[in-house]
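# Structural features, examined
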Amino acid sequence: MSRIIIALLLTVGLAACSTTASYEKILKTWVGHNIDTLVSSWGYPANSFKAPNGNTVYAYSSSGSYTMPTNTTSTYNVNGNQVYGNSTTTGGQTLNFWCKTFFEVNEKNIITTWSWEGNNCKA
């Protein structure tokens, strides 16, 4: 169990180098730019839709997963000609990461605002 905790802390520690604040800082730089400039830089969005105010929203999406390695610990006791054993397997959990980023664009194709959701929106 302690190895799982150590592995999770290591994962969180490495992820701390990239932050959502850094991601938001990048997103803020796009406000006021033409959507074509963003598409040239980020590629085509996953989809787009009309917002209630009539603006167009472009959505970018990314996802991934990581499966923690497994570890088996075995202990054995010998009693005369008999061997007794016990083994414990830890790890093997799959962690899923995802990020959706939305850019709202006005009728002049200028980015007016942005938002994001997910557990892996970091830069």
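The notes below deal with the structure included here.

About the cut-offs
As a convention, each chain's residues are numbered from 1 in the sequence order in which they are written. The predicted nature of this model means local features are confined to residues of pLDDT at least 70 and side-chain atom pairs, given and counted, to a pLDDT of 80 or more, with totals for whole chains, interfaces and linings taken over all residues. Hydrogens and water are ignored here; the side-chain numbers use all heavy atoms of the structure. Here, a disulfide means two cysteine sulfur atoms that sit within 2.5 Å of each other. In this description a helix means any DSSP run of H or I spanning at least four residues, a strand means any run of E spanning at least two, and both kinds are numbered starting from the N terminus. Three labels apply to residues, based on accessible area from a 1.4 Å probe with only protein chains included: buried if under 20% of the type maximum, exposed if over 50%, partly exposed otherwise in between. Whenever two N or O atoms come within 3.5 Å, that pair is a polar contact, provided that in protein one can donate a hydrogen and the other can accept it, and provided that, for residues adjacent in sequence, both atoms are side-chain atoms. Definition of nonpolar core: a set of buried residues of the types Ala, Val, Leu, Ile, Met, Phe, Trp, Tyr and Cys, connected through side-chain atoms within 4.5 Å. The contact criterion used throughout is that any non-hydrogen atoms of two residues lie within 4.5 Å.

## Structural notes on the state of the cysteines
Applying the stated rule across the entire model yields 1 disulfide. Residue cysteine 99 pairs covalently with cysteine 121 via a disulfide, S to S 2.0 Å. Residues cysteine 99 and cysteine 121 share a disulfide whose torsion about the S-S bond is about 115°; that sign makes it right-handed. Of this pair, cysteine 99 sits in strand S5 (residues 94–105) while cysteine 121 sits in the segment after strand S6 (111–118), placing them 22 residues apart in sequence. With relative accessibility at 1%, the residue cysteine 121 sits in the buried group.

## Quick look at the side chain of threonine 101
When you line up the elements, threonine 101 lands in strand S5. You can call threonine 101 buried: its relative accessible area is 1%. Reaching out from threonine 101, the side chain makes a polar contact with the side chain of tyrosine 23 at a distance of 2.5 Å.

## A short note on the nonpolar core
Formed by Tyr23, Leu27, Trp30, Ile35, Leu38, Tyr58, Tyr60, Cys99, Phe103, Val105, Ile111 and Cys121, the largest nonpolar core amounts to 12 residues. For this core, the elements supplying multiple residues, two or more each, are helix H2 (20–28), helix H3 (35–42), strand S2 (56–67) and S5. The element contributing the most residues to this core is S5, with 3 residues. The contacts of valine 105, once residues within four sequence positions are left out, are Ile35, Asn55, Thr56, Tyr58, Ile110, Ile111 and Thr112.

## Notes on H3
By the N-cap criterion, in which a side-chain oxygen at the helix start approaches the backbone nitrogen of a residue two or three places on, H3 is capped by asparagine 34, the distance to aspartate 36 being 2.7 Å. Just beyond H3, the residue with positive phi is glycine 43, at close to 90°.

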